[in-house]
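What follows is each chain in one-letter form.
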Amino acid sequence: TCFLGCAVDGHPTPNITWLYSGEPLSLQHQLLAAGRILHILNVSDFTDGEFSCLAQNEAGSLTQVMTLAIQEYRWSVDKLTACSASCGHRGLQLPQLRCLLDGAEVNASYCGETPRPSLQPIACNRRDCPSRWMVTSWSPCTRSCGGGLQTRRVTCQRLTAKGSSVPMSSEACAQVSKRPVDTQSCNRQPCVEWAVSSWGQCNGPCIGPRLAVQHRQIFCQTKDGTSVSSDQCSSLPRPLSTQNCWSDVCGVHWRVSLWTVCTATCGNYGFQSRRVDCVHVRTNKPVMEHHCSWRPRPANWQRCNITPCENGTWLRGGEAEWCRSRREGGVVS
């Protein structure tokens, strides 16, 4: 759509007539503001040309001329991508879709209302390739450590425009490039293993009846006995460095005596005690208490006779001693 204005005025009001290329308008249009504005409904119906408005009244006539230049956004496929292959049978080029305005490329969104042309790939560089070396994948290494070998197959071939591979002499490829190697060394890291010392004495901390812990040293070494960093053995299962063992030293238990008589018959301050020893089950002789630490140590004192006294509340200090002596049958002087 397009609007053109006729900038004339007069008295009495002139009669305005619109012309296109000197001829009365025949295509779809609308006249607005008493003919002063021409509304072109579909610009694509026109080509570049001259519009003129003729204003006439009793004083005479006046003509104004305007030039209409139509610029359209359009898709262009005049450029191609680089060929996907330099030779052989798979080379393709794709047309590059561009949005143009008056020959200049603009953002593709301006052509959004214009149907996109279909893009078809174009074959390119469909010709025989020069002779070249072809290699297979490397074989598995012959050793997992200490230096092994792996091999691959190297041949000279030529890929044709029809897609077939034709064997060629090695001399044909040697003129183009150096022959790739067909063997290489692999897994050159030294072979290592975990080594262990003998188990130490079964004299670790007691963890149960007759049950203790013993230790041994773990280290990483090569097959010839050279010590190396433990990190080099990290991929191997690591042996245990500790284990449980039977020890007569740990044949112990807590032995408790009877509770002593409570220090009070009532009140809040009575307590009683007992002896708690760690003793060997066979000799029944006391040993260091840490040998029994795998079981909770029994209490060696507790409160007792925590009941209210008959003659009221106890008092602190000397009065409390007097009351207690009286109740327990003591003589007060």
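The rules behind these values
- Residues numbered from 1 in each chain as written.
- Predicted model: local features only at pLDDT ≥ 70, side-chain atom pairs only at ≥ 80, totals over all residues.
- Heavy atoms only, no water.
- UniProt positions renumbered as here; feature names shortened; annotations may be inferred.
- Helix = DSSP H or I, 4+ residues; strand = E, 2+ residues; numbered from the N terminus.
- Polar contact = N/O pair within 3.5 Å; in protein donor to acceptor, adjacent residues only side chain to side chain.
- Contact = heavy atoms within 4.5 Å.
- Phe/Tyr/Trp six-rings, centres within 6.5 Å; stacked < 30°, edge-to-face > 60°.
- Buried < 20%, exposed > 50% of the residue type's maximum accessible area, 1.4 Å probe, protein only.
- pLDDT = per-residue confidence, 0-100.
- Disulfide = S-S within 2.5 Å.
- Domains from an automatic or database assignment.
- Salt bridge = Lys/Arg side-chain N within 4 Å of Asp/Glu carboxyl O.
- Pairing = 2+ DSSP bridges.
- Axes fitted to C-alpha atoms, helices over the stretch in contact; angles between N-to-C directions.

The protein carries the name ATL1 protein in an unreviewed UniProt entry, which gives Hypocryptadius cinnamomeus as its organism. We quote the UniProt Subcellular location (unreviewed entry) comment for the protein here in full: "Secreted".

We now examine the side chain of Gln214. Inspection of the secondary structure assignment puts Gln214 in strand 19 (residues 211–215). Among the polar contacts made by the side chain of Gln214, one reaches the main-chain carbonyl oxygen of Gly200 at a distance of 2.9 Å. Here the side chain of Gln214 touches Gln243 through a polar contact of 2.6 Å, side chain to side chain. Once residues lying within four places of it in the same chain are set aside, the contact partners of Gln214 are Trp199, Gly200, Gln201, Cys202, Ser241, Thr242, Gln243 and Cys245.

So, on to the packing of aromatic side chains. Inspection of every chain in the model, using the stated rule, returns 2 aromatic pairs. Aromatic side chains Tyr20 and Phe51 sit 4.7 Å apart centroid to centroid with 40° between the ring planes, which places their arrangement in the tilted category. Of this pair, Tyr20 sits in strand 2 (residues 15–20) while Phe51 is found in strand 6 (residues 49–57), placing the two residues 31 residues apart along the sequence. Classification of Tyr20 as buried rests on a relative accessible area of 18%. Ring centres of Tyr73 and Tyr110 lie 5.0 Å apart, and the angle between their planes is 10°; this geometry places the pair in the stacked category. Taken as a pair, Tyr73 in strand 8 (residues 73–80) and Tyr110 in the loop between strand 11 (104–106) and strand 12 (122–123) lie far apart in primary sequence, 37 residues in all.

In this model, the protein carries a mean pLDDT of 85, and residues with pLDDT of at least 70 account for 91%. By mean pLDDT, the top-scoring element of the protein is strand 14 (residues 148–151) (97), and the lowest-scoring one is helix 2 (residues 318–327) (35). Per-residue pLDDT stays below 50 along residues 312–333; that stretch engages in 17 contacts with residues further than four places along the chain or on separate chains.

Attention shifts here to the side chain of Gln221. By the element assignment, Gln221 lies in strand 20 (residues 218–222). You can call Gln221 buried: its relative accessible area is 15%. Those residues within four positions of Gln221 in sequence are excluded, and the remaining contacts are Cys191, Val192, Glu193, Ala195, Thr226, Ser227, Val228 and Cys233.

To continue, consider the state of the cysteines. On inspection of all chains with the given rule, the structure shows 13 disulfides. Here Cys83 connects covalently by a disulfide to Cys124, the sulfurs 2.0 Å from one another. When the S-S torsion is 95°, as for the bridge of Cys83 with Cys124, the disulfide is right-handed. Residue Cys83 is located in the loop between strand 8 and strand 9 (92–93), and its partner Cys124 is located in the loop between strand 12 and strand 13 (132–135); the two are separated by 41 residues in the primary sequence. Its relative accessible area of 22% is what places Cys83 among the partly exposed residues. Looking at Cys124, the relative accessible area reads 9%, which means it is buried.

Below, the discussion takes up the domain arrangement of the protein. Segmentation of the protein into domains returns domain 1 (2–68), domain 2 (74–123), domain 3 (130–186), domain 4 (192–246) and domain 5 (252–303). Each of domain 2 and domain 5 has a C-alpha centre, and the two are 96 Å apart.

This paragraph deals with the pattern of salt bridges. Should their charged atoms come close, side chains of opposite charge can pair. As enumerated under the stated definition, the model contains 9 salt bridges in all. The residue Asp78 makes a salt bridge to Arg98 at a minimum N-O spacing of 3.0 Å. Of this pair, Asp78 sits in strand 8 while Arg98 sits in strand 10 (residues 95–101), and the two are 20 residues apart along the sequence. The exposure class of Asp78 is exposed, given its relative accessible area of 52%.

Strand order in this open sheet of 4 strands is 3-2-6-7, and the pairing throughout is antiparallel. The open sheet terminates on both sides in strands that have one partner only, identified here as strand 3 (23–24) and strand 7 (60–68). With 6 bridges connecting them, strand 2 and strand 6 associate as antiparallel partners. The partner of Trp18 across the bridge, within strand 6, is Cys53.

Strand order in the open sheet formed by 3 strands is 8-10-11, and the pairing between neighbours is antiparallel. Taken across any chain shown, the strands that pair with only one partner, and hence form the sheet edges, are strand 8 and strand 11. Ignoring which end each strand starts from, the neighbouring axes of this sheet average 60° apart. Where strand 10 and strand 11 come together, 3 bridges link them in antiparallel fashion.

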